Amino acid sequence: MLARFLFLTLLTFLSACSQTPAPAEHKHESTEPRNIIFMIGDGMGSNYLTAYRYYLAEGQHQQIKPTIYDQLWTGMSSTWPDDQTLVTDSAASATALATGVKTFNAAISVDQQHLPIGTMMQQAKRLGKANGIVASSQINHATPAAFLAHNKSRRNMDAIADHYFDIRIDGQLVPDVMFGGGLRHFIRDDRNLVAEFQAEGYQYADSWQQLSQLNRAPALALLADSGLPSVLNQELESPLQLMTEKALELLSPHPQGFVLMVEGSQIDWCGHANDIACAMTEMHDFALAIETAKAYVDANPDTLLIITADHETGGLSLGADGIYEWRADLIYGVQFTVRELTRRFIDVEAQDIAKQWRQYTSLPLTDEQLTMITDAQHDRDSLYWVLNQLINDATRTGWTTTGHTAADVPVLAYGAGAEQFTGFMDNIDIGKRIMQLIDASASRQ
Ligand SMILES: [Zn+2]
């Protein structure tokens, strides 16, 4: 047995030696990216990409054609965490993506013993590369947190924010760019991290106007107290695209390249809310940020763009109740998230409900449905689920859970090194391969 093992090992060694390295190695070397843009659609199962394709076709009155997501699709990834559940949360999955190591649900880049696991942003900093995070949630929410902090629980959001400042690599602060929400975790009674970052030379913005004026890294922008407003409820077409453009502008001059993580955070929040109009507008926000990243790769071919999700949220189904139809066209009439509609309808007089419902959703309202609304107005939660059901029924949208599912998620890749992200993989493979590419690129410089 041992002899056979040794023989096979020797054989492998010999065959490795006898390979002619020239063409393969040369090709491999030329595809090591100097810059990496890693985009994560939180909760973005492949069903969300399908839904967005039909939604976009209806909105633009065009025939169905591949979206930016479809054009970049290269593979699929499993997402199971390192416990018995199979269904991951964002913390465990983000840890897998940011470190290449699986852990338990709720963990922010720590292992089962709660010991820290090195992240790709810390690795980038150690190797002399710049790095940044952009998110439409709080920048210290689970997904971005796993790239910069270590904690046994994603809920310890103040301690996670502290790590963004306190963790040093070779004496240096780790993040060069941080854009998103979460101001209340950075300016607190016990600590003012904004002032601490500014004292270390960070430019700071707390409005979109100020964001546009940032002109060098390092920089911090905290654009909301918690998460940014839902795209559907506000004026900007794509806040994530604005932040991504600015992050690329500030990181781009770095002589040794950069690693940027961009999260479309709230696709997941819409999934938890079982809110299809919310989900499609967040998918659009993320798609426009991807367009910006892809244009950057076209202009800078030594850049890898890799896109995936941490898990699927909601068990979204396009078609429901045995009816062979999905009415993507009706989603466009819905002007607000169901949460915002609930806020608006809680006190509306019965005689005004039908008119306002048409105004806010472009959907008809039967007498029976009107009664459902008035019967639920005593309680915000009941009203929420009635309004939610009216929109899901009209559009034939199904959901199986208000949590996550174990469904595989899409992998999209473009640019230098994209060929390493094809076929089926696991989420730790994505993290590991990116970290190998960061190492390989730094060792060539
Ligand atoms: Zn979630």
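Residues numbered from 1 in each chain as written. Predicted model: local features only at pLDDT ≥ 70, side-chain atom pairs only at ≥ 80, totals over all residues. Heavy atoms only, no water.

**Student:** Looking at this model, I keep getting lost on the overall build of the chain. Mind explaining?
**Tutor:** Scanning the chain from terminus to terminus reveals 20 helices and 16 strands. Over its C-alpha atoms the chain spans a radius of gyration of 23 Å, differing by no more than 12% from the 22 Å that the globule rule assigns to 445 residues. C-alpha extents for the chain along the principal axes are approximately 80 × 55 × 45 Å. Counting across all 445 residues of the chain, residues that qualify as buried make up 57%. Across the chain, contacts joining residues at least 24 apart in sequence account for 75% of those joining residues at least 6 apart. Of the roughly 18,700 Å² that the chain leaves accessible, carbon and sulfur atoms contribute 52%. Averaging the positions of the 30 positive and the 53 negative side-chain charges in the chain gives two centres separated by 4 Å. (Helix = DSSP H or I, 4+ residues; strand = E, 2+ residues; numbered from the N terminus. Rg over C-alpha atoms; globule rule 2.2 N^0.38 Å. Buried < 20%, exposed > 50% of the residue type's maximum accessible area, 1.4 Å probe, protein only. Contact = heavy atoms within 4.5 Å. Areas by Shrake-Rupley, 256 points an atom, 1.4 Å probe, with all protein chains shown as cover. Lys, Arg positive; Asp, Glu negative; His and termini not counted. Charge placed at Lys NZ, Arg CZ, Asp CG, Glu CD.)

**Student:** Would you take a moment to explain the state of the cysteines for this structure?
**Tutor:** A covalent bond between the sulfur atoms of two cysteines is referred to as a disulfide. By the definition in use, this model includes one disulfide. There is a disulfide in this structure between cysteine 270 and cysteine 278, and the S-S distance comes to 2.0 Å. The chirality of the disulfide connecting cysteine 270 with cysteine 278 is left-handed, given an S-S dihedral of about -60 degrees. Taking relative accessible area as the criterion, cysteine 270 reaches 1% and is therefore assigned buried. Exposure remark for cysteine 278: the relative accessible area of 6% places this residue in the buried category. (Disulfide = S-S within 2.5 Å.)

**Student:** Is there a simple way to explain the environment of valine 231 in this structure?
**Tutor:** Along the chain, valine 231 turns up in the loop between strand E8 (219-222) and helix H12 (239-251). Once the C-alpha coordinates of valine 231 and leucine 260 are considered, the two residues, 29 residues apart in sequence, prove to be 22 Å apart. Those residues in contact with valine 231 that lie beyond four places of it in its chain are Leu236, Glu237, Pro239, Thr281, Glu282 and Asp285.

**Student:** Explanation requested: the pairing of strand E9 (residues 258-264) in the structure shown.
**Tutor:** Every regular strand shows the same layout, with side chains that alternate between the two sheet faces. With seven of seven residues buried, E9 lies mostly within the body of the structure. Covered by surrounding structure in E9 are Phe258, Leu260, Val262 and Gly264 together with Val259, Met261 and Glu263, the residues of both alternating faces. In this sheet, E9 lies alongside strand E3 (residues 130-138) in parallel orientation, the contact comprising six bridges. Paired with valine 134 across the two strands is valine 262, which belongs to E9. (Pairing = 2+ DSSP bridges.)

**Student:** Even after reading the chapter, I still don't get the coordination of the zinc ion, so can you show me in this structure?
**Tutor:** Note on metal geometry: ideal angles are 109.5 degrees for four donors arranged tetrahedrally and 90 or 180 degrees for six donors arranged octahedrally. Protein coordination at the zinc ion comes from Asp268 (OD), Asp268 (OD), His272 (NE2) and His404 (NE2), with a distance range of 2.1 to 2.4 Å. Metal-centred angles of 57 to 154 degrees between the four donor atoms at the zinc ion mark the site as irregular. In the primary sequence, the donor residues of the zinc ion line up as D-x3-H-x131-H. Here the residue aspartate 268 occupies a position in helix H13 (residues 266-272), and histidine 404 occupies one in strand E14 (residues 404-405), the gap between them amounting to 136 residues. (Donors = N, O, S within 2.8 Å, 3.2 Å for Na, K, Ca; no water. Tetrahedral: all angles 85-135°; square planar, octahedral: opposite > 155°, others 65-115°.)

**Student:** Mind showing me how you'd approach the domain arrangement of the chain here?
**Tutor:** The extent of an interface is frequently quoted as the accessible surface area lost upon association of the parts. Structurally, the chain comprises domain 1 (31-316 + 401-444) and domain 2 (320-398). Computed over C-alpha atoms only, the centres of domain 1 and domain 2 are separated by 32 Å. Tallying the contact residues gives 19 residues for domain 1 and 20 residues for domain 2. Around 1,500 Å² of area is buried between domain 1 and domain 2 when both sides are counted, 67% of it from carbon and sulfur atoms. Of all residues in domain 1, Tyr55, Asn233 and Ile276 bury the most surface against domain 2, accounting for 33% of the area lost on that side. The interface formed by domain 1 and domain 2 holds zero salt bridges in total. Our count for the contact surface shared by domain 1 and domain 2 stands at seven residue pairs in polar contact (both at pLDDT 80 or more). When contributions to the side of domain 1 that touches domain 2 are tallied by element, the ones reaching two or more residues are helix H3 (46-59) and helix H14 (276-299). The dominant element in the side of domain 1 that touches domain 2, judged by the number of residues it contributes, is H3, at six residues. (Domains from an automatic or database assignment. Buried area = accessible area lost by both parts, 1.4 Å probe. Salt bridge = Lys/Arg side-chain N within 4 Å of Asp/Glu carboxyl O. Polar contact = N/O pair within 3.5 Å; in protein donor to acceptor, adjacent residues only side chain to side chain.)

**Student:** Could you clarify how one ought to interpret the pairing of strand E10 (residues 303-309) in this entry?
**Tutor:** Among the seven residues in E10, seven count as buried, and that is most of the element. With burial as the criterion, each face of E10 is covered, one bearing Thr303, Leu305, Ile307 and Ala309 and the other bearing Leu304, Ile306 and Thr308. As paired strands, strand E1 (residues 35-41) and E10 are joined by seven bridges and run parallel to one another. Each residue of the ladder has a partner; that of glycine 41, found in E10, is alanine 309. Sheet topology places E10 next to strand E15 (residues 409-415); five bridges connect them, and they run antiparallel. For leucine 304, the partnering residue across the bridge sits in E15 and is glycine 415.

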